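Reading the structure
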Amino acid sequence: MHIVLEMKLKYFFTILYMAALTGFMACSPYQKLLKSDDVALKFQKAEEYYNKKDHQRVLPLLEDLLTYYRGTAQAEKIYYMMADTYYKMGNYQLASYQFKTFVDAYPFSQYAEEALYLYAYSLFSDSPNKDLDQANTVNAINAFNLFINKYPESNRIEESNKNIDDLKAKLENKAIENAMLYYQIRNYKSAVWALRHVANQYPASKEREKIEYYIVKSSYLLAEKSVETKKRERYLNTIQYYNEFREHYPTSVYDADLLRMYKDANYQVDKLNFKRS
């Protein structure tokens with residue numbers, strides 16, 4: 001709901017901005033054109049301004065033309081030009097909305113392939129940094145996948161796959177950061193769960209060694225701070241996570257700390273077993 005409201009506000013201020021610029025236009029023929037009832041001339045001039053990338057002049061004309069041509073064959077091109085103008089102005093929220101609307105309304109248009117790609121790329125361009133909510137990042141990945149599936153012969157497949165990789169890397173970094181936050185605030189039980197989830201979700205991660213190290217360390221610190229009745233089970237978990245780490249990394253930059261925790265975990269289990277016997 002917040003995103004929809006933000007998009008509506010951006011739309012409102014964009015139109016307000018266009019209206020203000022229109023008021024200051026020195027070119028009186030343009031003012032007369034806006035007030036004119038000659039829609040054919042308006043359409044012709046809108047195409048001219050669009051081809052010249054004169055975004056300030058073309059948008060008011062396109063808005064006006066839609067009221068005349070909505071539901072007609074001309075509306076297809078008007079909708080596309082409007083979406084593309086927002087895209088070229090860098091207003092990616094409105095561009096993605098308009099391109100998606102266009103693709104849904106005109107799936108067989110000559111502009112459909114371009115519009116679907118630019119819908120995905122607008123979401124990609126509007127994807128926030130990893131510190132913010134990543135809903136748009138997920139939407140961009142889905143949009144690029146839709147484009148790849150629909151147009152497998154497109155010359156933009158390689159670029160789309162690269163964009164997907166970049167977006168997934170952002171999600172991965174966000175997930176690692178979130179998991180490590182539990183470790184930093186000493187919530188070791190949640191850290192173990194979150195880090196294991198990240199390791200399963202991103203098995204090919206470049207940070208895999210670090211993730212698995214902190215699984216062992218979080219588990220060890222959890223066991224160390226546990227009540228007596230839970231220590232044995234949790235030290236055994238630490239030993240298990242250590243063995244899983246060794247399966248993937250026989251040698252590691254973390255060897256010294258890992259070996260220390262592994263030896264102490266075994267010692268603590270032996271001590272607790274002796275107490276129970």
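Let me sum up the structure you'll find in this document. Predicted model, so just to flag it, every value in this text is computed and none were measured.

What counts, and at which threshold
- Residues numbered from 1 in each chain as written.
- Predicted model: local features only at pLDDT ≥ 70, side-chain atom pairs only at ≥ 80, totals over all residues.
- Heavy atoms only, no water.
- Helix = DSSP H or I, 4+ residues; strand = E, 2+ residues; numbered from the N terminus.
- Buried < 20%, exposed > 50% of the residue type's maximum accessible area, 1.4 Å probe, protein only.
- Contact = heavy atoms within 4.5 Å.
- Areas by Shrake-Rupley, 256 points an atom, 1.4 Å probe, with all protein chains shown as cover.
- Expected span 1.5 Å × (residues − 1).
- Salt bridge = Lys/Arg side-chain N within 4 Å of Asp/Glu carboxyl O.
- Patch = residues over 30% accessible without salt bridge, like charges linked within 9 Å, V, L, I, M, F, W, Y side chains within 5 Å.
- Axes fitted to C-alpha atoms, helices over the stretch in contact; angles between N-to-C directions.
- Parallel < 35°, antiparallel > 145°, perpendicular 65-115°, else oblique.
- Left-handed = near helix turned anticlockwise from the far one by under 90°.
- Nonpolar A, V, L, I, M, F, W, Y, C, P; charged D, E, K, R; others polar.

1. Remarks on the overall build of the chain
- Each helix and strand in the chain was counted, giving 13 helices and zero strands.
- Burial analysis of the chain (277 residues in total) assigns 44% to the buried set.
- When contacts within the chain are restricted to residue pairs at least 6 apart in sequence, those whose partners lie at least 24 apart make up 58%.
- Counting every atom, the chain has about 15900 Å² of accessible surface; 54% of that belongs to carbon and sulfur.

2. Structural notes on the side chain of Ser 160
- For Ser 160, the position within the fold is in helix H9 (residues 157-184).
- Look past the residues within four positions of Ser 160 in its chain and what remains in contact with it is Tyr 117, Phe 144, Phe 147 and Ile 148.

3. Regarding unusual backbone geometry
- Look at Lys 53: it is not a glycine, yet its phi comes out positive at around 60°.
- With respect to the helices and strands, the residue Lys 53 is situated in the loop between helix H3 (39-51) and helix H4 (55-69).
- Relative accessible area serves as the criterion here: at 54%, Lys 53 is assigned to the exposed category.
- At Arg 186, a residue that is not glycine, the phi angle is positive and equals roughly 65°.

4. Considering helix H6 (residues 92-105)
- Along its 14 residues, H6 runs 19 Å from first to last C-alpha, staying within 8% of the 20 Å computed at 1.5 Å per residue.
- Every buried residue of H6 is listed here: Gln 93, Leu 94, Ala 95, Ser 96, Gln 98, Phe 99, Phe 102 and Val 103.

5. Observations concerning the pattern of salt bridges
- The tally for this structure, following the rule as stated, stands at 14 salt bridges.
- For Lys 42, the salt bridge is made with Asp 64, and the minimal N-O distance between the two is 2.2 Å. Of the two residues, Lys 42 sits in helix H3 while Asp 64 sits in helix H4, which places them 22 residues apart along the sequence.
- With relative accessibility at 1%, the residue Lys 42 sits in the buried group.
- Note that Asp 104 is salt-bridged to Lys 100, the shortest N-O span being 2.9 Å. Of the two residues, Asp 104 and Lys 100 are both situated in helix H6; the distance of four residues between them amounts to about one turn of the helix.
- For Lys 100, a relative accessible area of 32% corresponds to the partly exposed category.
- Residues participating in the shared-partner salt-bridge network are Lys 217, Asp 257 and Arg 260.

6. Observations concerning a nonpolar patch on the surface
- On the surface, Leu 181, Tyr 182 and Ile 185 cluster together to form a nonpolar patch covering roughly 290 Å² of accessible area.
- Among the secondary structure elements, Tyr 182 is positioned in helix H9.

7. A word on the packing of H9 against helix H10 (residues 188-201)
- Orientation of H9 relative to H10, taken along the N-to-C sense of each, is 160°, at an axis distance of 7 Å. In terms of orientation, H9 lies roughly antiparallel with respect to H10. Between H9 and H10 lies a crossing whose hand is left-handed. For the pair formed by H9 and H10, the contact residues are Ala 175, Ile 176, Ala 179, Met 180, Tyr 182 and Tyr 183 on the first element and Tyr 188, Ser 190, Ala 191, Ala 194, Leu 195 and Val 198 on the second.
- Classifying every residue of the contact of H9 with H10 by side-chain character gives eleven nonpolar, one polar and no charged.

8. Some thoughts on the packing of helix H11 (residues 208-224) against helix H13 (residues 255-276)
- For the pair H11 and H13, interaxial distance at closest approach is 11 Å and the crossing angle is 35°. In terms of crossing hand, the pair formed by H11 and H13 is left-handed. Within the contact between the two elements, H11 uses Tyr 213, Val 216, Lys 217 and Tyr 220 and H13 uses Asp 257, Leu 258, Arg 260, Met 261, Asp 264 and Ala 265.
- For the contact of H11 with H13, a count of residues per class yields six nonpolar, no polar and four charged.

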